[in-house]
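Below, each chain spelled out in residue letters.
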Amino acid sequence: MSTHDHHPDTGPCGDNAAPYVLGALEQEDFEAFQSHLAMCVVCREEVAALQLVANALPAAAPQLSAPPELKSRIMATVRSEAGWQRSPAAEGAPHSKPRRAWPRALGWRPAAALAAVAATVAIVAIALAPGGGEATRTIRAQVLAPNAFASLRVSGGHAELNIQGLPQTPADRVYEVWIKRAGAPQPTNTLFTVTAAGKATVGVPGDVAGVKQVLVTSEPLGGSRVPTRAPVIVASLS
């Protein structure tokens, strides 16, 4: 290690690696730690290791924008797990910066930071995945067409039809999705056709809370306000 690549006894060495990777540092701390990285090979190696974890884990979930309140809750957890503390004098002072109390002498600090980043990114991935941690259920639908199959995936109040083997409609007709709460089925204005293999994935618009059935009928091009034929698919939610 050269005289420039050292681990000083004072300064932000190591304390800020995990929040730096997670983008949780205030601007002043961010700039100070960036300057420190130019001098400290230990912190550069730690940041590189943490960045690998942060880059790899989100690939398991779709990239969506997190609500501000979700980010606040997650970053509060990160600060707590990282051992950030406020001094007694700072309590009650809303603009005081947190004191970092991560022991510098502990050799397992990088491993602990890796675990903290991995857990945090995994929480974000789960929270932003379709359904956001809510229960998901798959309902097998009744299909009148021979050798056809359809299921309805319901998660977080939203539903999606997955269809296989459904016959293609004639050129002058199209499939239409309906929902039934009470009384007659109501049109959703969702029209679709299937592939040559009879496959389609169709989202049911709106919230399906209170919906008893999702139905599919064959209708004239442009759709209908009331069903003109018997349903070819019926998925019962209750």
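Heads up: these notes are all about the structure in this document. Treat the numbers as computed from the prediction; the structure is a model and nothing was measured.

### What to know about the overall build of the protein chain
In step 1: Regarding its fold elements, the protein chain presents 5 helices and 11 strands.
In step 2: Within the protein chain, buried positions represent 36% of all 238 residues.
In step 3: Taking the intrachain contacts of the protein chain between residues at least 6 apart in sequence as the baseline, contacts between residues at least 24 apart amount to 59%.
In step 4: Here the protein chain has roughly 13600 Å² of accessible surface; of this, 57% comes from carbon and sulfur atoms.

### A few points about the nonpolar core
In step 1: In this structure, L152, F192, V214 and I233 are the most contacted members of the largest nonpolar core, which totals 27 residues.
In step 2: Put simply, the parts of the chain that give this core at least two residues each are β5 (149-155), β6 (158-164), β7 (173-180), β9 (200-204), β10 (213-220) and β11 (233-236).
In step 3: Among all residues touching F192, those that are not within four sequence positions of it are I163, V174, Y175, V177, A200, V202 and V216.
In step 4: Ranked by size, the runner-up nonpolar core spans 11 residues in total, among them A17, V21, L25 and F33.

### Re the sheet that holds β7
In step 1: Read from one edge to the other, the open sheet built from 5 strands follows the order β4-β11-β10-β7-β8, with strand pairing classed as antiparallel. Two strands lie at the open edges of the sheet, namely β4 (142-143) and β8 (186-192), each paired on one side alone.
In step 2: As paired elements, β7 and β10 share 8 bridges and run antiparallel to each other. Bridge pairing links Y175 to S218 in β10.

### Let's talk about the sheet that holds strand β3 (residues 136-140)
In step 1: Taken together, 4 strands build an open sheet; the order of strands is β3-β5-β6-β9 and the sheet is antiparallel. Of all the strands in the sheet, just β3 and β9 have a single pairing partner and so form its edges. Adjacent strand axes in the sheet meet at a mean angle of 20° when their direction is disregarded.
In step 2: Here 5 bridges tie β6 to β9, and the two strands are oriented antiparallel to one another. Directly across from A159, in β9, lies its bridge partner V204.

### Structural notes on the pairing of β6
In step 1: Alternating positions in β6 separate cleanly, A159, L161 and I163 being buried on one face and H158, E160, N162 and Q164 remaining unburied on the opposite face.
In step 2: Relative to β6, β5 runs antiparallel, the two being bridged by 7 bridges. The residue bridging A150 from the neighbouring strand is I163, located in β6.
In step 3: Here β5 hands over to β6 after 2 residues, with G156 in that stretch at a positive phi of 60°.

Conventions we followed
- Residues numbered from 1 in each chain as written.
- Predicted model: local features only at pLDDT ≥ 70, side-chain atom pairs only at ≥ 80, totals over all residues.
- Heavy atoms only, no water.
- Helix = DSSP H or I, 4+ residues; strand = E, 2+ residues; numbered from the N terminus.
- Buried < 20%, exposed > 50% of the residue type's maximum accessible area, 1.4 Å probe, protein only.
- Contact = heavy atoms within 4.5 Å.
- Areas by Shrake-Rupley, 256 points an atom, 1.4 Å probe, with all protein chains shown as cover.
- Core = buried A, V, L, I, M, F, W, Y, C linked by side-chain atoms within 4.5 Å.
- Pairing = 2+ DSSP bridges.
- Axes fitted to C-alpha atoms, helices over the stretch in contact; angles between N-to-C directions.

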